[in-house]
Structure formats: structure tokens, C-alpha cells
Amino acid sequence: MVRRNDRRRAALVDAAIEVLAREGTRGLTFRAVDAEAAVPTGTASNYFTSRDDLLTQAGARVYERLRPDEATLAHQRTAGRDRDAYARLMRELVGRAAAFRTGYLALLELRLEATRRPELRTVLTERVRADLAADVAYHEAAGLPGDATAVKLLYLALNWLIVEQLTLPEVLTEEERDALVTAAVERIVSEG
């Protein structure tokens, strides 16, 4: 029987994210999640039907936590519609991902695991495809410069920039990172 205490479930999934980031998918066990969440042994197994269920929910939770808060969204809605405003938006996005280091590292672990688990690959593919489509739709609805191809190119370029910052943080300074984000927007996004 799977339990339904949503706050406890969220705490367990957050603990799974921390374990994934620190120990990788091989270290993700119900026992490790219980220890990370500081709950009695056996708690996680009461909330998740399987390890795959836990992996899938951890991936979904990372995306949920990476979403901008309402204040950020409200600010974005009132920002300009030029490349400078777009560059600020992208710098905020990269900064948000870099600030949730364990979440992004957990996502990298999940992506690697998805190469070995078709069910996880299916779930992640659907989620990333939906998120990318939502990014394009937001971009178009907001009237930002550039097209769907520019959004996808920025997605690809900035994801690797985030990986670089999280895995080898001494390669680029924060100032260099911000300058590269601005340069990517300027070079990829056309004004007209």
C-alpha cells in the first residue's frame, strides 16, 4: 500500500534528489533516502512502488523546483521585449539552475540512467519535450525576439554552460558565465 501524506512524500523525493546528486543512481536506495530524510527505515518503501517510481518522481520534482517563482514570472511579464531583456531572462534561468546545484546534478544522473532504463527514458523524453515546447510557446506569447530555433539553440547551449558551472566551477567565473549568456543571446537571437 502506497501512502498519501504529500508533505512526507515531497520530503522523501527531495531527499532522493540529494542522494542522486551526491552518490549517483547506484547509491539511490530506499534506505539511503530514509537516512537522508531522517525518517525511520522503511518509510520510503511505503511511499513508492519501486525504485523506478522514486527515480521518476525525483526527476519530476527537480523540474518543479527549477520553475521560476511567481515574482520572477511577474517581473518577466513586465520586462522589455528586446535582446537585452531576453539576455536578462536567460541569465536568471542559468543562475536559478546553478543555485539548485543538487537538483541539476540529480537530473544529469537521471539522464545517464535513462540510457539504461527505457521506462525512465520515455518519461524524461516526454517531460523535456513538453518543457521545451512550453519554452517555445512562452517565448512566442511573450513576443520575445527570435524564433523557435533560437529558443532550442539557447536551450542546448545554456544547458552545457550550466553543466560546466556545476561540475567544474573554477573553469568560468560568474561574470564570465553571465557574459557568455549575453553573447549567446546576442549571436543566436535575431532582433527582427
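As the structure is a prediction and not an experimental result, all values here were calculated from the model.

**Examining the nonpolar core**
Inference 1: If you look at the biggest cluster of nonpolar residues, it comprises 52 residues, and the most contacted ones within it are Leu-28, Val-33, Tyr-86 and Met-90.
Inference 2: Here this core gets eight residues from one element, more than from any other, and that element is helix α9 (residues 148–167).
Inference 3: Apart from residues lying up to four places away in sequence, Tyr-86 is in contact with His-139, Leu-144, Pro-145, Val-151, Leu-154, Val-185 and Val-189.

**As for the layout of surface pockets**
Inference 1: Considering only enclosed or pocket space, the largest pocket measures out at about 1,000 Å³ in volume.
Inference 2: Residue lining of the largest pocket: 34 residues in total, with Leu-93, Arg-96, Asp-131, Asp-135 and Tyr-155 positioned closest to the centre.
Inference 3: Broken down by secondary-structure element, the contributors of at least two residues to the lining of the largest pocket are α4 (51–66), α5 (70–78), α6 (83–99), α7 (101–114), α8 (118–142) and α9.
Inference 4: The dominant element in the lining of the largest pocket, judged by the number of residues it contributes, is α9, at nine residues.

**Re α8**
Inference 1: An ideal rise of 1.5 Å per residue puts 36 Å on 25 residues; α8 measures up with 35 Å between its terminal C-alpha atoms.
Inference 2: Of all the positions in α8, only Leu-120, Leu-124, Val-128, Leu-132, Val-136, His-139 and Ala-142 are classed as buried.

**Quick notes on the environment of Ala-157**
Inference 1: As for its placement among the helices and strands, Ala-157 is situated in helix α9.
Inference 2: Spatially, the C-alpha atom of Ala-157 lies 9.9 Å from that of Leu-180, the residues being 23 residues apart in sequence.

Reading guide: rules and limits
- Numbers given for residues are sequential positions, taken from 1 along each chain in its written order.
- For a predicted model such as this one, the threshold for reporting local features is a pLDDT of at least 70, and the threshold for listing and counting side-chain atom pairs is 80 or more; totals across whole chains, interfaces and linings nevertheless cover every residue.
- Note: side-chain values were computed over all heavy atoms of the structure, leaving out hydrogens and water.
- Nonpolar cores were defined as sets of buried Ala, Val, Leu, Ile, Met, Phe, Trp, Tyr and Cys residues, with membership established by side-chain atoms within 4.5 Å.
- Remark: exposure states derive from per-residue accessible area (1.4 Å probe, protein chains only) relative to the maximum for the residue type, with buried under 20%, exposed over 50%, and partly exposed in between.
- Secondary structure counts use DSSP, requiring at least four H or I residues in a row for a helix and at least two E residues in a row for a strand, with both numbered from the N terminus.
- Contacts are assigned to residue pairs that have any heavy atoms within 4.5 Å of one another.
- Residues are said to line a cavity or pocket when one of their atoms sits within 4 Å of a point; the points come from a 1 Å grid over protein atoms alone, cavities being sets where a 1.4 Å probe fits but cannot get out and pockets being open sets with protein on both sides within 12 Å along at least five of seven lines.
- Grid points are joined across faces, edges and corners, and a volume is the space filled by probe spheres set on the points.
- Given a helix with a known number of residues, its expected span is that number minus one, times 1.5 Å.

Note that every value here comes from positions in space, so none of it alone points to a role or purpose.
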